[in-house]
Amino acid sequence: MYRLVWFFVMSLLALAMQVRSDSNVVLSTTQSSVEVLKHDGQEKQQDTKEQQQQDTQSLVKDDEHVNQTVALLTNIQQEMEQKRTQSEKAIADNRAIQQQTIILLVEMQQNIQNHREEVAKDRVQVSEWQELITRNQIATTNILKEYLQNISINQVTQNQAIDVLNNLQPETQLQNKNETNLHTEPQQAVVEKQNVTLSGSLPRILSDLKSEMSKQRELITENRNVFESRIEQLKRDNEKLRSALLEVQLSSYRSCKDVPMKVSGKYNIRGSDKFSSFVAYCEQQTFGGGWMVIQHRFDGSLSFDRNWSAYRSGFGDVDGEHWLGLERIHQFTREHDCELLVELKDFYNNSKHARYSLFRIASESLQYGILSLGDYSGTAGDSLSSHIRILFSTPDRDHDYDNENHCAEYYYGGWWFYNCFHAYLNGEYQNASGNSVSRIAWDDFDTDQRSLSYSRMMIRPIN
């Protein structure tokens, strides 16, 4: 019995201890779970914060990417606008070029027709000159014949005078014979009669002879003067014809390249009209020679502030400072494919040059614009290419692209101004610098926009 009770008590005690142990385990487990949960919560909170930071950074990056995308799209849009503007400008330029080409073709056709008419006129003129030479030769022959006839007449007249004088001698002898035969007459009467006869006839005869000889002498002198005058006139006419023909055939050249002498100087250059020529300075030493000078500045002695008419016809002396003339340059570059050489020097004696492979300007109807320059080479820099397809302007003719200023009037000279220039060789001769100053300018010569003390433009046929 006691054993049963003891066993029961021990069982209860064991059970109580088991319950307490389980409670401790449960409590421990609960605490561990709480700690785990708390740790998991902290980790999740940390992960959440990190995720939020990552999300924030991602959003910032996305915003930057969006901004970059927007900026890129804006740049693309601006470039497209620029491309569109350039395309529209190129289309407008092409249309203008096409229009100029059409005008040039029409002008070329007209010039060809005019040239044909001029050739026909020249042929007629040559024929007239030949007829004039023939008439002059015939007139000279007739004058010589007339002069010979007058000489013959004068000789006959002189012979007649000699015959008259010879006839006086028989009359005198007859009078002497009569004196001998008249013995019955008193000697005094005979002498008086002879004196009367001689005094009456001889002075009259001598007077007639003198008068006739004087008339003949005057006639001879008059004929000689007329003959000499006609001979001099024929000589002058023949000399003019000879000079004109020699000017065409012997002493003029199609270009400086055709001049056989390698000596620089003034030469006659034939234009498109083969019976006209103009004087130009030929440079026969620089870059192989054969260059025709069309512009020259070196001391400022000549003003280039001139009107349209002066720049069209040219001014100055070709062996000094001068401008050859737009019309001559146009006609020459139309007849020949030419290259252009520009020689430059500053006030510090630094020399450079620019060379262009194909230079040509338009006619006056197209305002003498630069049609082509070709390829650039040289040491001075390419400052002229920006002036291609630009019209020529003078103080009295504004053809530039500046809507606010009249470049030629502002800078005192004629040039191919656009808005306004990168190259300008006809400005005022002065040692100054800056875009606002009228000067001899070639902007790529140096970086300080300095004035130049020397410029020379020359052209030469390529072939």
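Residues numbered from 1 in each chain as written. Predicted model: local features only at pLDDT ≥ 70, side-chain atom pairs only at ≥ 80, totals over all residues. Heavy atoms only, no water.

**Brief notes about the overall build of the chain**
Now for step 1: If you tally the helices and strands in the chain, you get five helices and 13 strands.
Now for step 2: Look at the contacts in the chain between residues 6 or more apart in sequence, and 54% of them connect residues 24 or more apart.
Now for step 3: Carbon and sulfur atoms make up 52% of the accessible area of the chain, which amounts to about 29500 Å² in all. (Helix = DSSP H or I, 4+ residues; strand = E, 2+ residues; numbered from the N terminus. Contact = heavy atoms within 4.5 Å. Areas by Shrake-Rupley, 256 points an atom, 1.4 Å probe, with all protein chains shown as cover.)

**Some words on the packing of aromatic side chains**
Now for step 1: One pass over the structure, following the stated rule, counts 21 aromatic pairs.
Now for step 2: Taking 6.4 Å as the distance between ring centres and 50 degrees as the angle between the ring planes, the aromatic pair formed by W323 and W416 counts as tilted. With a gap of 93 residues between them, W323 in strand β6 (residues 322–323) and W416 in the loop between α5 (407–410) and β11 (423–424) connect regions that are remote in the sequence.
Now for step 3: Relative accessible area serves as the criterion here: at 1%, W323 is assigned to the buried category. (Phe/Tyr/Trp six-rings, centres within 6.5 Å; stacked < 30°, edge-to-face > 60°. Buried < 20%, exposed > 50% of the residue type's maximum accessible area, 1.4 Å probe, protein only.)

**What about the state of the cysteines?**
Now for step 1: Summed over all chains, the structure comprises two disulfides.
Now for step 2: Linked covalently through their sulfurs, C256 and C282 form a disulfide whose S-S length is 2.0 Å. Its S-S torsion of approximately -70 degrees makes the covalent link between C256 and C282 left-handed. Within this pair, whereas C256 is found in the loop between β1 (252–253) and β2 (265–270), its partner C282 is found in strand β3 (residues 277–283), the two being separated by 26 residues in sequence. Side by side, C256 and C282 carry an identical accessibility label, which is buried.
Now for step 3: The partner cysteine of C407 in its disulfide is C420, sulfur to sulfur 1.9 Å. The S-S bond linking C407 to C420 shows a torsion near -75 degrees; that makes this disulfide left-handed. Within this pair, whereas C407 is found in helix α5, its partner C420 is found in the loop between α5 and β11, the two being separated by 13 residues in sequence. In this structure, C407 and C420 share a single accessibility class: buried.
Now for step 4: Should the bonded cysteines of the chain be numbered as they appear in the sequence, the pairing reads 1-2, 3-4. (Disulfide = S-S within 2.5 Å.)

**Considering the side chain of H330**
Now for step 1: Mapping H330 onto the fold places it in helix α4 (residues 326–335).
Now for step 2: Among residues more than four places away in sequence, those in contact with H330 are E107, I361, A362, S363 and Y368.

**Quick look at the pattern of salt bridges**
Now for step 1: By the definition in use, this model includes twelve salt bridges.
Now for step 2: Of the charged contacts in the structure, one is a salt bridge between E339 and R355, with a shortest N-O distance of 3.2 Å. Here R355 lies in strand β8 (residues 351–361) and E339 lies in strand β7 (residues 338–346), a separation of 16 residues in the sequence.
Now for step 3: The class for R355 is partly exposed, based on a relative accessible area of 22%.
Now for step 4: Salt bridges sharing partners connect three or more residues here, namely D346, D446, D448 and R450. (Salt bridge = Lys/Arg side-chain N within 4 Å of Asp/Glu carboxyl O.)

**Remarks on the side chain of S372**
Now for step 1: Looking at the element boundaries, S372 is found in strand β9 (residues 370–372).
Now for step 2: Among the residues examined, S372 registers a relative accessible area of 17% and is labelled buried.
Now for step 3: Separated by 3.5 Å, the side chain of S372 and the backbone oxygen of L358 make a polar contact.
Now for step 4: What S372 contacts, discounting residues up to four positions off in sequence, is L358, F359, R360 and I388. (Polar contact = N/O pair within 3.5 Å; in protein donor to acceptor, adjacent residues only side chain to side chain.)

**Focus on unusual backbone geometry**
Now for step 1: In this chain, N419 is followed by C420 through a cis amide linkage whose omega measures -10 degrees.
Now for step 2: Although it is not a glycine, N349 adopts a positive phi angle of roughly 70 degrees.
Now for step 3: With respect to the helices and strands, N349 occurs in the loop between β7 and β8.
Now for step 4: In this structure, R389 takes a positive phi of about 60 degrees despite not being glycine.
Now for step 5: Relative to the helices and strands, R389 resides in the loop between β10 (376–378) and α5.
Now for step 6: A relative accessible area of 40% means that R389 is categorised as partly exposed.

**Some remarks on the nonpolar core**
Now for step 1: Membership of the largest hydrophobic core comes to 55 residues, with the highest contact counts inside it found for M292, W323, L340, W416, F417 and W442.
Now for step 2: Residue contacts for W416: discarding those within four places in its chain leaves W323, L326, I361, Y368, G369, I370, H387, I390, L391 and F392. (Core = buried A, V, L, I, M, F, W, Y, C linked by side-chain atoms within 4.5 Å.)

**Regarding the pairing of β3**
Now for step 1: Two strands pair when backbone bridges link them, and β2 and β3 are joined in this way by six bridges, in the antiparallel orientation. Pairing of I269 across the sheet is with F278, part of β3.
Now for step 2: Summarising the sheet, β3 and strand β4 (residues 291–297) pair through two bridges and their orientation is antiparallel. Paired with E283 across the bridge in β4 is W291. (Pairing = 2+ DSSP bridges.)

**Topic: the confidence of the model for the chain**
Now for step 1: Within the chain, residue pLDDT values average 78, and 67% of them lie at 70 or more.
Now for step 2: In the model, residues 182–196 has pLDDT below 50 throughout and makes five contacts with residues more than four positions away in sequence or in other chains.
Now for step 3: Note on residues 245–250: pLDDT is under 50 here. Beyond four places in sequence and across chains, it has eight contacts. (pLDDT = per-residue confidence, 0-100.)

**What to know about the pairing of β4**
Now for step 1: Where burial is concerned, most of β4 is hidden: seven out of the seven residues are buried.
Now for step 2: Where β4 meets strand β13 (residues 452–461), five bridges bridge the pair, whose relative direction is antiparallel. Bridge pairing in β13 links V293 to M458.
Now for step 3: Summarising the sheet, β4 and β6 pair through two bridges and their orientation is antiparallel. Across the sheet, residue Q295 finds its bridge partner in β6, namely W323.

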